[in-house]
Amino acid sequence: MPCLLISSYQQQMSNWPELPVNSIISWLSSQTSSLVVAVFGCGDARIAKSVKNKIFSFDLVSKDPSVIACAMSNTRLESISVDVAVFCCFTNGNKLL
């Protein structure tokens, strides 16, 4: 089921005029690289692969060793340990908190 959802999402994204992830990458690139970022629902970890910041990439399913597979409610990040949090729109889990 996750592979089918991802494939459907990728097909849907191909029709978007601009990908939000590109806007996020652009914004982060214009900021100090000392910002620590957590990306929830990171997919292929495109943000982490595109900026110099310390990035924690989380997704429910991971095929990439740099992505931590977990529910967002169980990231094991310490409170106030990141400067920026990115929640991707395909994040459809119900364990957010």
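Quick caveat, the model's predicted, so the values are computed rather than measured.

A. Up close: the sheet that holds strand E4 (residues 84-87). Taken in spatial order, the four strands line up as E3-E2-E1-E4 in an open sheet, and their pairing is parallel. Sheet topology places strand E3 (67-69) and E4 at the edges, where each strand pairs with a single neighbour. The sheet shows a mean angle of 20 degrees between the axes of neighbouring strands, direction not considered. Bridge count for strand E1 (residues 36-40) against strand E2 (residues 54-59) is five bridges, and the pairing is parallel. Considered in E2, the bridge of Phe40 is made with Phe58.

B. The arrangement of the environment of Ser66 in detail. Residue position: Ser66 is located in the loop between E2 and E3. A relative accessible area of 43% places Ser66 in the partly exposed class. As for Ser66 and Phe56, which are separated by ten residues in sequence, their C-alpha atoms are 8.6 Å apart. Among the polar contacts made by the side chain of Ser66, one reaches the side chain of Asp64 at a distance of 2.7 Å.

C. Structural detail: unusual backbone geometry. Positive phi, normally seen in glycine, also occurs at Ala45, with a value near 60 degrees. If you check the backbone angles, Arg76 has positive phi at about 65 degrees while not being a glycine.

So, how was this worked out
Residues numbered from 1 in each chain as written. Predicted model: local features only at pLDDT ≥ 70, side-chain atom pairs only at ≥ 80, totals over all residues. Heavy atoms only, no water. Pairing = 2+ DSSP bridges. Helix = DSSP H or I, 4+ residues; strand = E, 2+ residues; numbered from the N terminus. Axes fitted to C-alpha atoms, helices over the stretch in contact; angles between N-to-C directions. Buried < 20%, exposed > 50% of the residue type's maximum accessible area, 1.4 Å probe, protein only. Polar contact = N/O pair within 3.5 Å; in protein donor to acceptor, adjacent residues only side chain to side chain.

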